[in-house]
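Each chain, letter by letter, is given below.
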Amino acid sequence: MPNRRQVIKAVSAFGAAVATGMSMPVRAAQGGPDNFYRSDKVNSQQVNFHNLYGMELVGNLYTPKGMKETDRLPAIVISHPFAAVRQQAAMLYAAKLAEAGFVTLAFDQSFWGASGGTPRGSVLPDVYVENFSAGVDYLGTCKFVDRERIGALGICASGAFAVAATKIDPRIKALVTSSMYDMGEYFRKGVGTSRRDKEIVSRDLNTAARQRWQTYETGAPVYGPGQNDAVFLEAKESNDFYQTPRGQVPSNDRRTTPASYAKFMNFYPFMDIDSISPRPILFVVGEIAPSRQYTEAAFKAAAQPKELVVVKGANRIDLYDRTDMIPFDRITAFYRQHLK
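All values derive from a computational prediction rather than experimental measurement.

J.: Even after reading the chapter, I still don't get the overall build of the chain, so can you show me in this structure?
T.: The helix and strand inventory of the chain stands at nine helices and eleven strands. Within the chain, buried positions represent 58% of all 340 residues. As displayed, the chain offers around 14100 Å² of accessible surface, 51% of which is attributable to carbon and sulfur atoms.

J.: I would appreciate a short explanation of the pairing of strand β5 (residues 103-107) in the present structure.
T.: Side-chain direction in a regular strand flips from residue to residue, so the side chains alternate between the two faces of the sheet. Most of β5 sits inside the fold, with five of its five residues counted as buried. Across the two faces of β5 the burial is the same, with Val103, Leu105 and Phe107 and Thr104 and Ala106 all buried. Across four bridges, strand β3 (residues 56-64) lies against β5 in antiparallel orientation. Residue pairing for β5: asparagine 60 is matched across the bridge by alanine 106. The sheet contact formed by strand β4 (residues 73-79) and β5 spans five bridges and is parallel. Bridge pairing links alanine 75 to valine 103 in β5. In terms of handedness, the path from β4 via helix α1 (residues 90-99) over to β5 forms a crossover that is right-handed.

J.: How should I be thinking about the environment of leucine 175 in this particular structure?
T.: One can find leucine 175 in strand β7 (residues 172-178). Using a relative accessible area of 0% as the deciding quantity, one classes leucine 175 as buried. When sequence neighbours within four positions are dropped, the list of residues in contact with leucine 175 reads Ala152, Ala162, Val163, Thr166, Ile276, Pro280, Ile281, Leu282, Phe334 and Tyr335.

J.: Help me out: how do you make sense of unusual backbone geometry in this one?
T.: Apart from glycine, the bulk of residues carry a negative phi angle, and the bulk of peptide bonds sit in the trans form. At the junction of threonine 118 and proline 119, the peptide bond is cis and its omega measures out at -5° in the coordinates. Summarising the element assignment, proline 119 is placed in the loop between β5 and α2 (125-140). The linkage connecting serine 277 with the following residue, proline 278, adopts the cis geometry, with an omega of 15°. The backbone of alanine 89 shows a phi angle near 85°, a positive value even though the residue is not glycine. In this structure, alanine 89 sits in the loop between β4 and α1. Residue classification places alanine 89 among the buried residues on the basis of a relative accessible area of 0%. Even without glycine at this site, arginine 254 takes up a positive phi of about 65°. Residue arginine 254 is classed as buried on the basis of its relative accessible area of 2%.

J.: Help me out: how do you make sense of the pattern of salt bridges in this one?
T.: Two side chains that carry opposite charge are able to pair once their charged atoms sit near each other. Taken as a whole, this structure holds 16 salt bridges when the rule is applied. Here aspartate 253 and arginine 255 are joined by a salt bridge, their closest N and O atoms 2.8 Å apart.

J.: It is not clear to me how the nonpolar core should be interpreted in this structure. Could you clarify?
T.: Inside soluble globular proteins, nonpolar side chains tend to come together where they are buried. Residues Phe82, Leu153, Ile331 and Tyr335 are the most contacted members of the largest nonpolar core, which totals 100 residues. With near-sequence residues (within four places) excluded, tyrosine 335 lies in contact with Ile76, Leu97, Phe102, Gly151, Ala152, Leu153, Ala174, Leu175 and Val176.

J.: Got a minute to help me understand α2 in this structure?
T.: Along an α-helix, residues three or four apart share an orientation, since each turn contains 3.6 residues. Look at α2: 23 Å from first C-alpha to last across 16 residues, which is about the 22 Å you get at 1.5 Å a residue. When you tally the buried positions in α2, you get 14 out of 16 residues, the bulk of the element.

J.: What's the story with the packing of aromatic side chains in this structure? I'm lost.
T.: Here a ring pair, both rings aromatic, is described through the centre-centre distance and the interplanar angle of the planes. Following the criterion strictly, the structure yields 24 aromatic pairs and no others. When the ring of phenylalanine 49 is compared with that of phenylalanine 107, the centres are 6.4 Å apart and the planes differ by 80°; the resulting orientation is edge-to-face. Taken as a pair, phenylalanine 49 in strand β2 (residues 42-50) and phenylalanine 107 in strand β5 lie far apart in primary sequence, 58 residues in all. Both residues of the pair, phenylalanine 49 and phenylalanine 107, belong to the buried class. An angle of 5° between the planes, with centres 6.5 Å apart, marks the rings of phenylalanine 161 and phenylalanine 264 as stacked. In this pair, phenylalanine 161 sits in helix α3 (residues 157-168) while phenylalanine 264 sits in the loop between α6 (235-242) and β10 (281-286), placing the two residues 103 residues apart along the sequence. Over the aromatic face of tyrosine 242 sits the side chain of arginine 254, whose NZ or CZ is 3.6 Å from the ring centroid. Lying over the aromatic face of tyrosine 223, arginine 255 brings its terminal NZ or CZ to 6.0 Å of the ring centre.

J.: Would you take a moment to explain the packing of α1 against helix α9 (residues 328-338) for this structure?
T.: When two helices pack together, you describe them by how their axes are tilted relative to each other and by the distance separating the axes. Packing of α1 against α9 brings their axes to within 11 Å, and their N-to-C directions diverge by 60°. At the point where α1 passes α9, the crossing takes the right-handed sense. Touching Leu92, Tyr93, Lys96 and Leu97 of α1 are Phe328, Ile331, Thr332 and Tyr335, all from α9. Along the lines of polarity and charge, the residues of the contact of α1 with α9 split into six nonpolar, one polar and one charged.

J.: Just to check I follow, could you spell out the environment of aspartate 321 for this structure?
T.: If you trace the backbone, aspartate 321 turns up in helix α8 (residues 318-321). Taking relative accessible area as the criterion, aspartate 321 reaches 0% and is therefore assigned buried. As a C-alpha pair, aspartate 321 and leucine 92 span 229 residues in sequence and 7.1 Å in three-dimensional space. Residues in contact with aspartate 321, not counting those within four places in the same chain, are Pro33, Asp34, Asn35, Leu92, Phe241, Arg246 and Ile326.

Analysis parameters
- Numbers given for residues are sequential positions, taken from 1 along each chain in its written order.
- Whole-chain, interface and lining totals are the exception, using all residues; otherwise, since this is a predicted model, local features are given only for residues with pLDDT of at least 70 and side-chain atom pairs are given and counted only at 80 or more.
- Note that water and hydrogens are dropped before the side-chain values are worked out from all heavy atoms of the structure.
- Going along the chain from the N terminus, every DSSP run of H or I of four or more residues is numbered as a helix, and every run of E of two or more is numbered as a strand.
- We call a residue buried when its accessible area falls under 20% of the maximum for its residue type, exposed when it is over 50%, and partly exposed in between, using a 1.4 Å probe and counting protein chains only.
- Per-residue accessibility takes into account occlusion by the displayed protein chains alone, with areas from the Shrake-Rupley method and a 1.4 Å probe.
- When DSSP finds two or more bridges between a pair of strands, those strands are recorded as paired.
- Think of it like this: strands point away, you trace from the first strand over the helix to the second, and a clockwise trace means the crossover is right-handed.
- Contacts: residue pairs with any heavy atoms within 4.5 Å of one another.
- What counts as a salt bridge is simple: a side-chain nitrogen of Lys or Arg found within 4 Å of a carboxyl oxygen of Asp or Glu.
- Buried Ala, Val, Leu, Ile, Met, Phe, Trp, Tyr and Cys residues that are joined via side-chain atoms within 4.5 Å together make up what is termed a nonpolar core.
- How far a helix is expected to stretch is found by multiplying one less than its residue total by 1.5 Å.
- Working definition: a ring pair exists when centres of Phe, Tyr or Trp rings (six-membered ring for Trp) sit within 6.5 Å. Plane angles under 30 degrees give stacked, over 60 give edge-to-face, the rest tilted.
- Whether a charge lies above a ring is judged from NZ of Lys or CZ of Arg, which has to be within 6 Å of the ring centre and within 35 degrees of the ring normal.
- To get an axis, fit a line to the C-alpha atoms, keeping to the stretch in contact for a helix; angles then go from 0 to 180 degrees between the N-to-C directions.
- The hand of a helix crossing depends on one turn: near helix anticlockwise from the far one by less than a right angle means left-handed, and clockwise means right-handed.
- Under the scheme applied here, ten amino acids are nonpolar (Ala, Val, Leu, Ile, Met, Phe, Trp, Tyr, Cys and Pro), four are charged (Asp, Glu, Lys and Arg), and all others, including Gly, are polar.

Written out as structure tokens, the structure reads:
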């Protein structure tokens, strides 16, 4: 966090027969991950834009090298996992899809990275959802983008934010989710065998409420650890990415404001997901990801056309940066088919 912000030591709140699909044969990861991938086949520049509420957003715009002045290309707006920044997973996806001929925009969510919003690390699902539409606003005003061929891609929690955005924004013509995480369901019920009963939820809501008093009285937010960094099934794989050179970004200490986590309790992204039809959805998930349940629940509830790709041997974080496991060929083919 910036030095100007006083950080108070926090007690972490909220810590501590599904659809079938095609299982995709992918070779085991070899040679390590590539989160900080750079391509000599694309151009990248930092861009600034704003959402409907005037909040500034910062992203990287990728365009294929060799693009002609008269081209009107399909485009994809992409965002990162919760408590991450665009340099963590989103820019990798953006670069790879730009290599395939798409214009891509990987942006920082509000309250994170270079984007605006205070206090830093805040939870506001409606704004996270709005920011996908803000990305569509920006892309649709680029002269080299065909605004009738814009898609969205969300990684981990941004998969659910992208679902929620696509439900209410018909300008999003095709949607891909990768390692999707439903943060609302996570805080209501937990993930995998790490279940959250009513007593745990009640305790955490009361902790959040006390932290609101503390924040109001002191004028300084109460910070806690990032989601999944210290608890439950996915702590190790999360830390292997965020706390090591594999995916660590110095500007992101992943501290969040647990008092605002209560906002996720009212977040139901899969409600009415069938209303997205006839626009298509491609769901990508790791075979051994504990959070696989969220993707399968969404796939089951969604209407056709829909596809489910289960990547053999992959956990949640593998689909952040392991280029030998992320099925970019399938994702590219999906967008080429549906953003004609």
